[in-house]
Amino acid sequence: MKKEKETDTIMATFKAYFRGWTSGLKSLATGMCTSMKVFRQKAVTEEYPENRHSTLHIPERYRGRLRLLTDEEGQFRCVACGICQMNCPNGTIRIEADTVETEEGRKRKQLRAYHYDLGSCIFCQLCVEACPHGAIAFSNDFENAVFERDRLKLDLTRPEDNRCHDWQ
Ligand code: SF4
Ligand code: SF4
């Protein structure tokens, strides 16, 4: 009687071991199948920054940083009306302007500085949509990391701040 009980226990242990073994083998086979499937797929990872000048693609409409646009003569289209500044929800833009007299004797504003704090911009594009002169736009230049926050405070009238690197 005792011997039969021992045999049953051994059989039960063996069955449990075998069940665990087959289940492990099954999950290993499933994992290998998935690996082989992914192995044959085209790679989607990109080797940045090595691919900066080869395969890197940034969507054209990506909002990287604001920039001032110029006309055919290279002059800023901005007439310093301040509408973008008024429409910006968090004071990211601050316009500085001078009042000048035109040849016809009329007074008009002339842009002196276009302060744009890239660090506080939320890229809502309200400024771009509000501008009645099409004078500003977002470039898809995404490489804007700096070590000091102050370096994100830009004056877009300065060429080095009004960077225009459009990624394709
Ligand atoms: S960017 Fe447009 S809205 Fe802003 S001040 Fe210049 S002209 Fe006016
Ligand atoms: S995108 Fe929005 S937050 Fe940024 S400057 Fe324009 S209005 Fe202000």
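Remember, it's a predicted structure, so these values are computed and weren't measured experimentally.

Caption draft 1: A look at the site of ligand 1. The environment of ligand 1 is formed by 14 residues, the closest being C78, C81, G82, C84 and C131. Its residues assigned to classes, the shell around ligand 1 shows twelve nonpolar, two polar and no charged.

Caption draft 2: Layout of the pattern of salt bridges. For the structure on display, the rule yields eight salt bridges. A salt bridge links R112 to D98, with the nearest nitrogen and oxygen atoms 2.8 Å apart. With R112 in strand β3 (residues 107-117) and D98 in strand β2 (residues 93-101), this residue pair connects regions lying 14 residues apart in the sequence. Taking the relative accessible area as the measure of exposure, R112 reaches 43% and is therefore partly exposed. For D161, the salt bridge identified is with R158, shortest N-O distance 2.7 Å. One salt-bridge network, held together by shared partners, links R94, E96, D98 and R112.

Definitions and limits used
- Residues numbered from 1 in each chain as written.
- Chains lettered and ligands numbered in written order.
- Predicted model: local features only at pLDDT ≥ 70, side-chain atom pairs only at ≥ 80, totals over all residues.
- Heavy atoms only, no water.
- Near = heavy atom within 4 Å.
- Nonpolar A, V, L, I, M, F, W, Y, C, P; charged D, E, K, R; others polar.
- Salt bridge = Lys/Arg side-chain N within 4 Å of Asp/Glu carboxyl O.
- Helix = DSSP H or I, 4+ residues; strand = E, 2+ residues; numbered from the N terminus.
- Buried < 20%, exposed > 50% of the residue type's maximum accessible area, 1.4 Å probe, protein only.

As far as function goes, none of this settles anything; it's purely spatial.
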